[in-house]
Amino acid sequence: MNTLARSERTKVKRLPARGAYDQETIYSILDDGFICHVGFAIDGQPYVIPTGYARIGDHVYIHGSSASRMLRSLAEGIDVCVTVTHVDGLVLARSAFHHSINYRSVVVLGQAKMVEDPAEKEMALEAFTEHIIPGRWPEIRWPSELELKATTVLKLAIDEASAKVRTGDPKDDDEDYGMNVWAGVVPLSSKPGQPIRDSRLADKIDLPTYISEYLRK
Ligand SMILES: Cc1cc2nc3c(=O)[nH]c(=O)nc-3n(C[C@H](O)[C@H](O)[C@H](O)COP(=O)(O)OP(=O)(O)OC[C@H]3O[C@@H](n4cnc5c(N)ncnc54)[C@H](O)[C@@H]3O)c2cc1C
């Protein structure tokens, strides 16, 4: 995998050692999530909107209603910033100043393009589902012609992007290490709960293996 060029806009300035530009790091952070925040400006007003995404190859795909202002505006090719963040732990230092968070995040800059090719659009819609819960797509009803028309899919090339990652212990000042106070990391992660059956689900339908496997992950 390649390392992306570090542009003036994507150079991590605070604690630059935590910055990463290699595709392996950037793609693995993107692949570990499915919610991003999309930043863009309309008439000088910035908006940051949460939405789902999936990565396919060197692009991030987003989708939604064809009536969505966000998607309509982005399809015009305005500048966009897509951010993904994972919180991995609370970093409890001895001093208030050095408290921190272990995290992995990615920022991608560029202009999105409308996906016109029907095959690519369907591939993206499959990826949105499979990216969130692998195994789901083959057994659900796929979008009808009408539903496809009502859905806009956009893609953003991962050309100008950066990752920033913090891991490990708190970094306290030398003179604070002797303090009589607990310090360390409290790991944080999202965990699936027990599935709740749809009240209209037929009794004969059992929990599929891909969901029980998802729960065990
Ligand atoms: C976890 C999550 C996943 C989502 N996934 C998708 C997705 O895959 N596809 C999709 O189209 N939408 C998704 N949404 C909804 C998305 O955030 C927008 O609400 C949606 O795109 C509608 O946009 P719009 O163009 O109608 O709104 P806009 O016209 O862009 O928004 C108008 C105003 O409505 C308010 N607003 C819009 N969305 C939100 C919000 N989420 N929270 C608070 N205020 C808001 C803001 O003030 C905004 O300025 C998701 C939301 C969340 C929280």
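This structure is a prediction, so every number in the text was calculated from the model and none was measured.

(A) Focus on the nonpolar core. One finds I26, L30, V38, I62, L74 and I158 to be the most contacted residues of the largest nonpolar core, which totals 26 residues. The set of elements that each furnish at least two residues to this core consists of helix 1 (23–31), strand 2 (35–42), strand 5 (59–65), helix 2 (69–75), strand 6 (79–92), strand 7 (100–111), strand 9 (151–157) and strand 10 (160–166). Among the elements that take part in this core, helix 1 stands out by supplying 4 residues, more than any other. The residues contacting I158, other than those within four sequence positions of it, are L4, I26, Y27, L30, R55, G57, D58, H59, V60 and V108. A54, V115, A124 and A127 belong to the second largest nonpolar core, which has 10 residues in total.

(B) The arrangement of the environment of M70 in detail. Counting through the fold element by element, M70 comes out in helix 2. Here M70 falls in the buried class, since its relative accessible area comes to 9%. Sequence-wise, M70 and L90 are 20 residues apart; in three dimensions their C-alpha atoms are separated by 33 Å. Beyond its immediate chain neighbours, meaning those up to four positions away, M70 contacts V38, F40, I49 and T51.

(C) Layout of the pattern of salt bridges. The full count for this structure, using the stated rule, is 9 salt bridges. Residue D88 is joined to R104 by a salt bridge in which the shortest nitrogen-to-oxygen separation is 2.8 Å. Linking D88 in strand 6 with R104 in strand 7, this pair joins segments that are 16 residues apart in sequence. Note on D88: relative accessible area 26%, which makes it partly exposed. For the salt bridge of R141 with E147, the shortest nitrogen-to-oxygen distance reads 2.8 Å. Looking at E147, the relative accessible area reads 32%, which means it is partly exposed. One connected set of salt bridges, linked through shared partners, spans D32, D88 and R104.

(D) Fine view of the site of the ligand. In the neighbourhood of the ligand, the contacting residues comprise I35, Y47, I49, P50, T51, G52, H63, G64, S68, R69 and M70. Here P50 contributes a backbone N or O atom positioned 2.6 Å from an oxygen atom of the ligand. Here H63 contributes a backbone N or O atom positioned 2.7 Å from a nitrogen atom of the ligand. Coverage of the ligand by the protein chains reaches 47% of its 860 Å² of free accessible surface. Listing elements by their share of the shell around the ligand, those giving two or more residues are strand 3 (45–52), strand 5 and helix 2. No other element matches strand 3, which puts 5 residues into the shell around the ligand.

(E) Molecular detail of the sheet that holds strand 5. Taken in spatial order, the 4 strands make up an open sheet running 4-5-9-8, and their pairing is antiparallel. Two strands lie at the open edges of the sheet, namely strand 4 (54–56) and strand 8 (113–114), each paired on one side alone. Bridging between strand 5 and strand 9 involves 7 bridges; their strand directions are antiparallel. Among the inter-strand pairings, V60 is bridged to a residue of strand 9, identified as L156. Sheet strands in contact with helix 3 (residues 118–132) are strand 4, strand 5 and strand 9, and its direction is about 90° off that of strand 5.

Parameters and conventions
Residues numbered from 1 in each chain as written. Predicted model: local features only at pLDDT ≥ 70, side-chain atom pairs only at ≥ 80, totals over all residues. Heavy atoms only, no water. Core = buried A, V, L, I, M, F, W, Y, C linked by side-chain atoms within 4.5 Å. Buried < 20%, exposed > 50% of the residue type's maximum accessible area, 1.4 Å probe, protein only. Helix = DSSP H or I, 4+ residues; strand = E, 2+ residues; numbered from the N terminus. Contact = heavy atoms within 4.5 Å. Salt bridge = Lys/Arg side-chain N within 4 Å of Asp/Glu carboxyl O. Near = heavy atom within 4 Å. Polar contact = N/O pair within 3.5 Å; in protein donor to acceptor, adjacent residues only side chain to side chain. Areas by Shrake-Rupley, 256 points an atom, 1.4 Å probe, with all protein chains shown as cover. Pairing = 2+ DSSP bridges. Axes fitted to C-alpha atoms, helices over the stretch in contact; angles between N-to-C directions.

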